[in-house]
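# Results of the structural survey
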Amino acid sequence: MDTIVLNANIVTMNSLALRAQALAIVAGRVAALGSDDQIRALAGPKTRVIDAGGRLVLPGFQDTHIHLQDSGQDYSQNVDLGDAATPDELADMLANFAKTHSRPWVNGTGWSAGDFGAHNLDRKLLDRAVPDRPCLIVASDGHNACLNSKGCEAVGLVAGTPDPMNGHFVLDEEGEPTGLLYEDAVSWAEDQTPRPTDDDFIAGVKWAQKLANGFGLTGVQDPKVEERHARVYRRMADAGDLTLRIAATAKVFPREELAEALERLETMRRENQTDMYRIHAAKFFLDGVIENRTATMIEPYSDDIGGNAPLMFTPEQVLSYFPAFDAARFQLHVHVIGDGAARIAFDGVEAARRQNTDWPALHQFAHIQCIDPADIPRFRQLGVVANVQPLWARAEPSVTEIAAPMIGPERTKWMYAFRSMADAGAPMTLSSDWGVSTMNPFPIIETALTRQPPTKSGDYPAFLPEQRLTLAQCISGYTVQAAAAAWRSRDTGTLDPGKFADLIILDRDIFTCDVYDIGDTEVLLTLLAGEEVHRSERFQ
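My aim in this report is to walk through the structure given alongside it, one point at a time. (Residues numbered from 1 in each chain as written. Predicted model: local features only at pLDDT ≥ 70, side-chain atom pairs only at ≥ 80, totals over all residues. Heavy atoms only, no water.)

Moving on, we get to the packing of aromatic side chains. Using the criterion set out here, one finds 17 aromatic pairs in the structure. For the pair Phe169 and Trp188, a centre-to-centre distance of 4.9 Å together with 65° between the ring planes defines the contact as edge-to-face. You can see Phe169 sitting in strand β13 (residues 167–171) and its partner Trp188 sitting in helix α6 (residues 184–190), a full 19 residues away along the chain. Here the aromatic cluster, defined as three or more aromatic residues joined through ring pairs, consists of Phe284, Phe313, Tyr321, Phe322, Phe325 and Phe330. One Lys or Arg, Arg19, reaches over the ring of Phe511 and ends 5.9 Å from the middle of that ring. Sitting over the ring of Tyr301, Arg293 keeps its end group 4.9 Å from the ring centre. (Phe/Tyr/Trp six-rings, centres within 6.5 Å; stacked < 30°, edge-to-face > 60°. Helix = DSSP H or I, 4+ residues; strand = E, 2+ residues; numbered from the N terminus. Lys NZ or Arg CZ within 6 Å of the ring centre and 35° of its normal.)

Below, the structure written as structure tokens:
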């Protein structure tokens, strides 16, 4: 035996053999499970022994919607504006960061679209912070950004500049750009700024995967991969630099003809298949976000402004592209925020099921902030996975003060309706959408259980408490269901003999501790294929 883990409270996540006290590892895979005496008897003179100290051991967690490469580079190399709550705080953080370097551009990331928008963020505020260089700051959700005046000048954004496809430049009353950018206007601007090198992105991935391993993640799914992402991941996989199993979804653009998109993604899939990294899915952005009114609803918005947002793909495209990619055996990974986007996404999967041979694709809808209750049974009927981010399902300003008034009280009842989906038979994975919010699974799980901000000890209003998930659903959503959704069930997701020894040791038993303590859980040890990729200083 290469390694044995003793004195453990092992939850295998296999219902047929749920618990064990010890396990053995050979060549990176689980070789045996049993009692301490049974596993100790298998050890040889060179066997490494890990004493879990009676602690909980689980399969390594897998995050099926995480922007590992982009956010890794962004947060490790630019200023994190996530703690800014006022315009003055944002400007001060940006100005202080600008003093630390002399790069041609000053970049920031992570500001909240719930705190900043057209009412309090524009190029003039950024000019105050960075008057001498171009500046671009991108919101945590990636759907909003802002340029200062020199940034507008550098990218050629002036009055009369036409909106890019599926993007919008916010204008003031005189028709001048305010600097705010929505949706694909963000990528339009980024494409005209000095871009980080591949080496910068590799450094960002290394930083991010260390963070991920520390949170108990052994596998991820990057939901928006283009040529550069593929090139960087492939280079790292070839060099043996990955400490996470990476599945990836290649982005499809609505400007592409179907045949062109299929050929491009089939080439990407063919050229990106390694043991630790592969492309297997096609990513479709069907709408944007509620905060900037780019989410597509079935009925118009309920506030005084009203109106609605068009789909980013036409319904006709959805009804032809989805069946075509399904027939080519791509998993579909679909961004849906509004209930209108969710409905047409279901229609697209239904068309694929009707036209093609049924197969276990486990197509995924990510986010599902709003859904019409009539569509909830379609998850089970069509075999669609609900890929949800429970940390957002709480009574915070972006929900209660912005989104809820925009969609009205009746539709708010079905916002982040996770328990209704699960009870209706929807396969469900939990994920972070990092860098939109923390990648730490434990505050996410706590919020899924409480529908309250983590570590609030129950003294904060719960948002739609009837939509709380169970702990079993949450752990499955990070292990068994996540492995299936990432097409890794054969080798991961449970601690069964023959599967990879991807496991974590926790500092507490989350099955028995107070629910309001789950968010503070620390991962003491993370093994990937039996090899240590994280060890806490507290674990000796």
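Structure shown, so let's carry the discussion forward.
To continue, consider a negative patch on the surface. Judged by side-chain charge, Asp80, Asp83, Glu89 and Asp92 come together as a negatively charged surface patch. Accessibility expressed as a relative area gives 71% for Asp83, which makes it exposed. (Patch = residues over 30% accessible without salt bridge, like charges linked within 9 Å, V, L, I, M, F, W, Y side chains within 5 Å. Areas by Shrake-Rupley, 256 points an atom, 1.4 Å probe, with all protein chains shown as cover. Salt bridge = Lys/Arg side-chain N within 4 Å of Asp/Glu carboxyl O. Lys, Arg positive; Asp, Glu negative; His and termini not counted. Charge placed at Lys NZ, Arg CZ, Asp CG, Glu CD. Buried < 20%, exposed > 50% of the residue type's maximum accessible area, 1.4 Å probe, protein only.)

What follows covers the layout of surface pockets. Considering only enclosed or pocket space, the second largest pocket measures out at about 700 Å³ in volume. Around the second largest pocket, the lining comprises 26 residues; the ones closest to its centre are Tyr182, Glu291, Asn292, Arg293 and Thr294. Residue assignment for the lining of the second largest pocket shows that the elements contributing at least two residues are β13, β14 (177–183) and α13 (397–412). By residue class, the composition of the lining of the second largest pocket is 13 nonpolar, nine polar and four charged. (1 Å grid on protein atoms, 1.4 Å probe; cavity = no way out; pocket = protein on both sides within 12 Å on 5 of 7 lines; lining within 4 Å. Points joined across faces, edges and corners; volume = space filled by probe spheres on them. Nonpolar A, V, L, I, M, F, W, Y, C, P; charged D, E, K, R; others polar.)

Sheet architecture is open: four strands sit in the order β5-β4-β1-β6, paired in mixed fashion. Single-partner strands in this sheet number two, and they are β5 (29–34) and β6 (48–51). Neighbour to neighbour, the strand axes of the sheet diverge by 20° on average, direction disregarded. Pairing of strand β1 (residues 3–6) with strand β4 (residues 22–26), which is carried by three bridges, proceeds in the antiparallel orientation. (Pairing = 2+ DSSP bridges. Axes fitted to C-alpha atoms, helices over the stretch in contact; angles between N-to-C directions.)

Turning our attention to the pairing of strand β7 (residues 56–59). When strand β2 (residues 9–11) meets β7, the two strands line up parallel, connected through two bridges. In the strand pairing of β7, Ile10 is matched with Val57. With three bridges connecting them, β7 and strand β22 (residues 503–506) associate as antiparallel partners. By the bridge assignment for β22, Pro59 is matched with Leu503.

Looking now at α13. The terminal C-alpha atoms of α13 lie 14 Å apart, and with 16 residues this falls more than 12% below the ideal 22 Å at 1.5 Å per residue. The principal kink in α13, of about 90°, is found at Ala404, preceding the proline Pro405 by one to four residues. For α13, the full list of buried residues reads Ser398, Val399, Ala403, Ala404, Met406, Ile407, Gly408, Arg411 and Thr412. Of the surrounding secondary structure, the elements contacted by the buried residues of α13 are α11 (339–355). (Expected span 1.5 Å × (residues − 1). Bend = angle between axes of the 7 residues up to and from the residue. Contact = heavy atoms within 4.5 Å.)

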